[in-house]
Amino acid sequence: MKEICVVDYGVGNLFSVAHALEECGVNVKFITRPEDILSAGKLILPGVGAFGDCIGEIRKRGLDEAIVEYAKSGKLLLGICVGMQVMMTKSFEFGEHAGLDLISGTVEKISPTKANGDSHKVPYVGWSKLQVAADFIRFDKVREEWCYFVHSYMAKPENPTDIKAHYDYNGQKITAIIAKDNIIGCQFHPEKSGLVGLNFLKNIINN
Amino acid sequence: MSTPRIIARLDIKAPNLIKGINLEGLRVIGNPGEYANKYYNQGADELIYMDIVASLYERNSILDIVRETAKRIFIPMTVGGGIRSVSDVEDSLRAGADKIAINSAAIKRPELINEIANRFGAQCMVLSVEAKKYAAGRWEVYHENGREKTGLDVLSWVKEAETRGAGEILLTSVDMEGTAKGFDSELTKLVANSVNIPVIASGGCGSLGHAIDIIKTANADAVALGHVLHYDKFKINEIKAAMCDADIEVRQ
């Protein structure tokens, strides 16, 4: 059975992610040490809550350098939600925080106003339909890609081609997936996005 | 506003899925896990498990059901009933819940809303409101499944809860619940237009038209359905198809 390593750095509940991966037919191993990250075959970096707290925990545990080193190996790295955001250069959530800088760009607050100036709700919580870039083939295309999001901040890569999917929030394009070589990040929660989410995970693991 | 959600609401008297009328006269429907599975496969956007005896008898047996469900069902799950403290919330989240709903405990000690929102985020903190009409355009907050009055006015209570950090309102009409005669749209509209957080309309749905109307005319962000699903009056995919025909975009 295929194995996938999930970094456990003390934030959030990893069980939903683990159940979803098991449903995809892989063996899940939680890892906590830098050496386990370096020896992983496929790596998932989850994350919930505030950017500063997440990156702080990663650094405190000495995992930041190992993740950066691992990313150079060409093996799969998937960041989920804040786990994706910490792969960016820096974030402006509650101050300014440096990220892992695996993908150049910033993490910024979703605009609290619509294109026409009216206010709308932030955090955004709910299901949205993805617009997926033609060169990103990780969905089955058998149905529309509806995914579940819970967030107030979004990644803004410097290089627009690093954005592989977005959704529209009242006229604002919100980054949903970023990818560069072996590094993929998704803002939505694949473990809460029904069959679409499970298929996304399966395709990423098997690619 | 995000896409309207169709939520399956499962009221639990452990170990069974039950259903009442006006939240009383409870009848056993079956195994909650089997029903949860069925609604997941029909395309439910979310599940709500509401333990309807826990706040009376101080029990938390629902967590076993949540834990089992979380292994097979990959959509957001809200758990309510009997949650009295931050540590109860933690237990529910650890069992696999994404959000929790509180009612009685928030009435007794409104600061609990702040504590939960600060600790786990507003998106996790759902205020469950049982509303019963007492005068034209006025509703009173009830708890203990619509049995206990609180003297609180629904409108001022939901506004206070929003200020304290509630991220969502699960609004159940005690008058309409289980009657299949339609949601209390006047109540739903009043609350949805008074707060800036999502409002889930619950109680009374008996037809596809009821579900469409409450989204279109009362500005509800979501509908929670029990009766019509449990008794197989219609399936979630049928509701979604009907909503599409009514020009409401929903997740397919």
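Residues numbered from 1 in each chain as written. Chains lettered and ligands numbered in written order. Predicted model: local features only at pLDDT ≥ 70, side-chain atom pairs only at ≥ 80, totals over all residues.

Q: Give me the lowdown on the nonpolar core, citing residues and values where you can.
A: Core analysis: the largest hydrophobic core is formed by 152 residues, its most contacted members being I7(B), L47(B), Y49(B), I169(B) and V223(B). Apart from residues no more than four positions distant in its own chain, I7(B) is found in contact with A44(B), D45(B), E46(B), L47(B), I48(B), I200(B), A222(B), V223(B), A224(B) and L225(B). (Core = buried A, V, L, I, M, F, W, Y, C linked by C-beta atoms within 7 Å. Buried ≥ 20, exposed ≤ 12 C-beta atoms within 10 Å, placed from the backbone. Contact = placed C-beta atoms within 7 Å.)

Q: Break down the interface of chain B and chain A for me, citing the residues and quoting the values.
A: In this assembly, 17 residues from chain B lie in contact with 23 residues from chain A. Of the residues assigned to the side of chain B that touches chain A, the class counts are five nonpolar, six polar and six charged. (Nonpolar A, V, L, I, M, F, W, Y, C, P; charged D, E, K, R; others polar.)

Q: Which residues make up the packing of helix 1 (residues 15-23) of chain A against helix 6 (residues 194-206) of chain A, and what values go with them?
A: Residue and element names in this part refer to chain A. Relative to each other, helix 1 and helix 6 sit at 70 degrees, their axes nearing to 9 Å. When the axes of helix 1 and helix 6 are compared, the pair comes out roughly perpendicular. Here A20, L21 and E23 of helix 1 lie close against helix 6, whose contacting residues are G197, L198 and L201. Per-class residue counts for the contact of helix 1 with helix 6 are four nonpolar, one polar and one charged. (Axes fitted to C-alpha atoms, helices over the stretch in contact; angles between N-to-C directions. Helix = DSSP H or I, 4+ residues; strand = E, 2+ residues; numbered from the N terminus. Parallel < 35°, antiparallel > 145°, perpendicular 65-115°, else oblique.)

Q: Hey, could you go over the sheet that holds strand 5 (residues 88-91) of chain A for me, with residue numbers and the actual values?
A: Residues and elements named next belong to chain A. With respect to topology, four strands assemble into an open sheet ordered 6-5-7-11, the strand pairing being mixed. Looking at the sheet topology across the chains shown, the edges are occupied by strand 6 (97-98) and strand 11 (153-157). Pairing between strand 5 and strand 7 (residues 103-109): three bridges, direction parallel. Its bridge partner lying in strand 7, K90 is registered against T106. (Pairing = 2+ DSSP bridges.)

Q: For the sheet that holds strand 2 (residues 27-31) of chain A, give the residues involved together with the corresponding values.
A: Residue and element names in this part refer to chain A. One open sheet accounts for eight strands, arranged 2-1-3-4-14-13-12-9; its pairing is mixed. The outermost strands of the open sheet, each flanked by one partner alone, are strand 2 and strand 9 (131-132). Across two bridges, strand 9 lies against strand 12 (residues 163-169) in antiparallel orientation. The partner of Q131 across the bridge, within strand 12, is H166.

Q: Please give an account of the confidence of the model for chain B that cites residues and values.
A: Residue and element names in this part refer to chain B. Per-residue confidence for chain B gives a mean pLDDT of 92; residues scoring 70 or more make up 96%. Ranking the helices and strands of chain B by mean pLDDT puts helix 7 (residues 154-164) first, with 98, and helix 2 (residues 54-57) last, with 58. Scored as a whole, the predicted complex attains pTM 0.92, and scored at its interfaces, ipTM 0.90. (pLDDT = per-residue confidence, 0-100.)

Q: Account for helix 3 (residues 51-60) of chain A, with residues named and values stated.
A: Residue and element names in this part refer to chain A. Taken together, the buried positions of helix 3 are occupied by F51, C54, I55 and I58. Taken end-on, helix 3 shows its buried residues confined to a sector of 90 degrees, consistent with a single buried face. Taken together, the buried residues of helix 3 touch helix 4 (64-72), helix 5 (82-85), strand 5, strand 6, strand 7 and strand 11. Positive backbone phi, at 65 degrees, marks G62, one or two positions downstream of helix 3. (Arc of directions from axis to C-beta.)

Q: I'd like a description of the pairing of strand 7 (residues 125-135) of chain B, backed by residues and values.
A: On a regular strand, each side chain points to the face opposite its neighbour's, so the side chains alternate between the two faces of the sheet. All names here are of chain B. Counting buried positions over the eleven residues of strand 7 gives eight, a clear majority of the element. Of the strand pairs in this sheet, strand 6 (residues 99-102) and strand 7 are connected by three bridges, and their pairing is parallel. Following the sheet pairing, I102 is matched in strand 7 by L127. One ladder, built from six bridges, connects strand 7 with strand 10 (residues 168-173); its direction is parallel. When the bridges of strand 10 are listed, A131 appears paired with S173. The pairing of strand 7 with strand 8 (residues 138-143) spans five bridges and is antiparallel. When the sheet's bridge partners are listed, E130 is paired in strand 8 with Y142.

Q: Run through unusual backbone geometry, naming residues and quoting values.
A: A cis amide bond links A14(B) to the next residue, P15(B), at an omega of 5 degrees. Structurally, P15(B) is set in the loop between strand 1 (5-13) and strand 2 (16-21). A positive phi angle is found at F94(A), which is not glycine, with a value near 50 degrees. Phi at A180(B) takes a positive value of approximately 60 degrees, unusual for a residue other than glycine.

Q: Lay out the environment of L225(B) with the relevant residues and their values.
A: All names here are of chain B. Checked against the element boundaries, L225 lands in strand 12 (residues 222-225). Under the C-beta neighbour-count criterion, L225 is labelled buried, with 24 such atoms within 10 Å. As a C-alpha pair, L225 and G203 span 22 residues in sequence and 7.3 Å in three-dimensional space. The residues contacting L225, other than those within four sequence positions of it, are I6, I7, A8, R9 and C205.

Q: Outline the packing of helix 9 (residues 208-216) of chain B against helix 11 (residues 236-245) of chain B, supporting the account with residue identities and numerical values.
A: Residue and element names in this part refer to chain B. Two numbers describe how helix 9 lies on helix 11: the axes approach to 10 Å, and their chain directions differ by 55 degrees. In terms of their interaxial angle, helix 9 and helix 11 are classed as oblique. Here helix 9 and helix 11 pass one another in a crossing that is right-handed. Residues L208, A211 and I212 of helix 9 lie in contact with helix 11, whose contacting residues are I239, A242 and M243. Its residues assigned to classes, the contact of helix 9 with helix 11 comprises six nonpolar, no polar and no charged. (Left-handed = near helix turned anticlockwise from the far one by under 90°.)

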